[in-house]
Amino acid sequence: MSIYYYLSAFLFCLGLIGTILKKDLISMLLCIELMLGGVALLFILFSKSTGFIDSQLMVIFMMIISACEVAIGLSLIIALYRNKQTIYTDEIKIITE
Amino acid sequence: MGVDILLTILTVVFALMVVFSKKTVVSAFALLMTLLCLAMIYFQLGTVFLSAVQVLVNAGAIAILFVFVMMLIDLEQFPNNRERNKIKLVISIFTILIIMGVLALIINNNIDTLTVINLSDNSMKALFEKLYNTYYLPFEMATVLLLAAIVACVVITNHRKDDDSDNEGADKGVHP
């Protein structure tokens, strides 16, 4: 079971590196999902090792929040694609204009 | 012990496919497989309810939502293999190394003192007793958050430019 601790750290770091390196917004959202998966795994491992059942509840709340985040993020991407015809982060200059 | 290693290897392979795949659709399906492997890990750890919710919500709804959005957006004009910024690559590798070092320190220090506690068979009952007694206010707030997210999605995606709807929609009698 101790290998799962390293797996959760690996998933978080891989999601972070993907979020930094990727250029299109959909892939960045995918990598954020990966990070959330790693953190949820760590919460469950914490619940197993300490016996606190509260951290399993935190996983439920995390799932709710990640669902909201993905839904709003994807709808923002669609709105951006309608207005600017791009999903690349380096082609978007809304704030600086 | 063998199941641990097998599930970990599967999850690592699919997670690497998410980040380093050339096609975004392949990334989305690799994410789906990663979430399913995580659900299997949850099942193996004994949290059966969370495993079911992971399959239903994360793998079933969220990963498929990504595929739907990719169908709406023409991904052929957005290839995933553009040249990457060298400075960003170096900075991210250093960041990852530092974070991995800190996490390895924490894990190595505490992993021996952690003992596995077998949650009892009625852990789901305890879970929901806790959810509806101690955490009832965050639970209600989560429902309100979901409602707000639904409304926000509809409002954001229904936003149209005024000139389009004035010119074309009024003439043809059809919504553009």
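Right above here is the structure, for reference.
Counting of residues starts from 1 at the beginning of each chain's written sequence and follows it residue by residue. Chains carry letters from A onward and ligands carry numbers from 1 onward, assigned in written order. Only residues with pLDDT of at least 70 get local features here, since the model is predicted, and only at 80 or more are side-chain atom pairs given and counted; chain-wide, interface and lining totals rely on the full set of residues. Values reported for side chains reflect all heavy atoms of the structure, with hydrogen atoms and water molecules removed beforehand.

Asks: I keep staring at the overall build of chain A and nothing clicks. Help me out?
Replies: Secondary structure summary: chain A contains three helices and zero strands in total. Secondary structure elements follow DSSP: runs of H or I of four or more residues count as helices, runs of E of two or more count as strands, with numbering from the N terminus. Reading the secondary structure of chain A in the N-to-C direction produces α-α-α. Buried, partly exposed and exposed residues are distinguished by accessible area as a fraction of the type maximum, computed with a 1.4 Å probe on protein chains only: under 20%, between the cut-offs, and over 50%, respectively. By the burial criterion, 61% of the 97 residues in chain A qualify as buried. If you take every contact in chain A between residues at least 6 apart in sequence, the share linking residues at least 24 apart comes to 53%. Of the roughly 3500 Å² of accessible surface on chain A, 74% is carried by carbon and sulfur atoms. Note on definitions: a residue-residue contact is assigned when non-hydrogen atoms from the two residues lie within 4.5 Å. Accessibility throughout is a Shrake-Rupley quantity obtained with a 1.4 Å probe, and a residue counts as covered only by protein chains that appear here.

Asks: I keep staring at the nonpolar core and nothing clicks. Help me out?
Replies: One recurring pattern in soluble globular proteins: nonpolar side chains tend to sit buried together. Residues Ile26, Leu34 and Leu41 of chain A together with Ile41 and Phe66 of chain B are the most contacted members of the largest nonpolar core, which totals 64 residues. Taken together, the elements giving at least two residues each to this core come down to helix 1 (3-21), helix 2 (25-50) and helix 3 (54-84) of chain A together with helix 1 (2-20), helix 2 (24-45), helix 3 (48-72), helix 4 (86-110) and helix 5 (123-133) of chain B. Of all the elements, helix 3 of chain A adds the most residues to this core, at twelve residues. In contact with Ile41 of chain B, other than residues within four places in its own chain, are Tyr4, Leu7 and Leu41 of chain A together with Leu7 and Thr11 of chain B. Among buried residues, those of type Ala, Val, Leu, Ile, Met, Phe, Trp, Tyr and Cys that are joined through side-chain atoms within 4.5 Å constitute a nonpolar core.

Asks: Sorry if this is basic, but what is going on with unusual backbone geometry here?
Replies: With the exception of glycine, the majority of residues adopt a negative phi angle, and the majority of peptide bonds are in the trans configuration. Residue and element names in this part refer to chain A. In the Ramachandran plot, Gln85 falls in the positive-phi region, its phi being about 55 degrees despite a non-glycine side chain. Turning to its location among the elements, Gln85 is positioned in the segment after helix 3. Its relative accessible area of 49% is what places Gln85 among the partly exposed residues.

Asks: Mind showing me how you'd approach the packing of aromatic side chains here?
Replies: How two aromatic rings sit relative to each other is set out by the distance from centre to centre and by the angle between their planes. Aromatic pairs are defined between Phe, Tyr and Trp rings, using the six-membered ring for Trp, whenever the two ring centres lie within 6.5 Å; interplanar angles under 30 degrees are classed as stacked, those over 60 as edge-to-face, and all others as tilted. Counted under the stated rule, the structure contains four aromatic pairs over all chains. Their ring planes at 55 degrees and their centres at 6.5 Å tell us that Phe61 of chain A and Tyr135 of chain B sit as a pair that is tilted. Separated into two different chains, Phe61 of chain A in helix 3 and Tyr135 of chain B in the loop between helix 5 and helix 6 (136-157) make up a pair that spans both. Ring centres 5.0 Å apart and planes at 80 degrees place the aromatic pair Phe49 of chain B and Phe128 of chain B in the edge-to-face group. Residue Phe49 of chain B is found in helix 3, and its partner Phe128 of chain B is found in helix 5; the two are separated by 79 residues along the sequence. Following the ring pairs from residue to residue traces out a cluster consisting of Phe49, Phe128, Tyr132 and Phe139 of chain B.

Asks: What's the story with the environment of Leu25 of chain A in this structure? I'm lost.
Replies: Mapped onto the elements, Leu25 of chain A comes out in helix 2. For the pair Leu25 of chain A and Ile77 of chain A, spaced 52 residues apart in sequence, the C-alpha separation works out to 7.2 Å.

Asks: Any chance you could explain the packing of helix 2 of chain A against helix 2 of chain B here in plain terms?
Replies: Angle between the axes and distance between the axes are the two parameters that describe a pair of packed helices. Each axis is a line fitted through C-alpha atoms, and for a helix only the stretch in contact is used; angles between axes span 0 to 180 degrees, taken between their N-to-C directions. Close contact between helix 2 of chain A and helix 2 of chain B brings their axes to 10 Å; oriented N to C, the two are set at 5 degrees. By the angle class used here, helix 2 of chain A and helix 2 of chain B are roughly parallel. Listed contacts from helix 2 of chain B to Ile26, Ser27, Leu30, Glu33, Leu34, Gly37, Ala40, Leu41, Ile44, Leu45 and Lys48 of chain A of helix 2 of chain A are Thr24, Ser27, Ala28, Leu31, Thr34, Leu38, Ile41, Tyr42 and Leu45 of chain B. Of the residues in the contact of helix 2 of chain A with helix 2 of chain B, the class split is 13 nonpolar, five polar and two charged. Here the angle decides the label: under 35 degrees means roughly parallel, over 145 means roughly antiparallel, 65 to 115 means roughly perpendicular, and every other value means oblique. Throughout, the ten residues Ala, Val, Leu, Ile, Met, Phe, Trp, Tyr, Cys and Pro are labelled nonpolar, Asp, Glu, Lys and Arg are labelled charged, and all others, Gly among them, are labelled polar.

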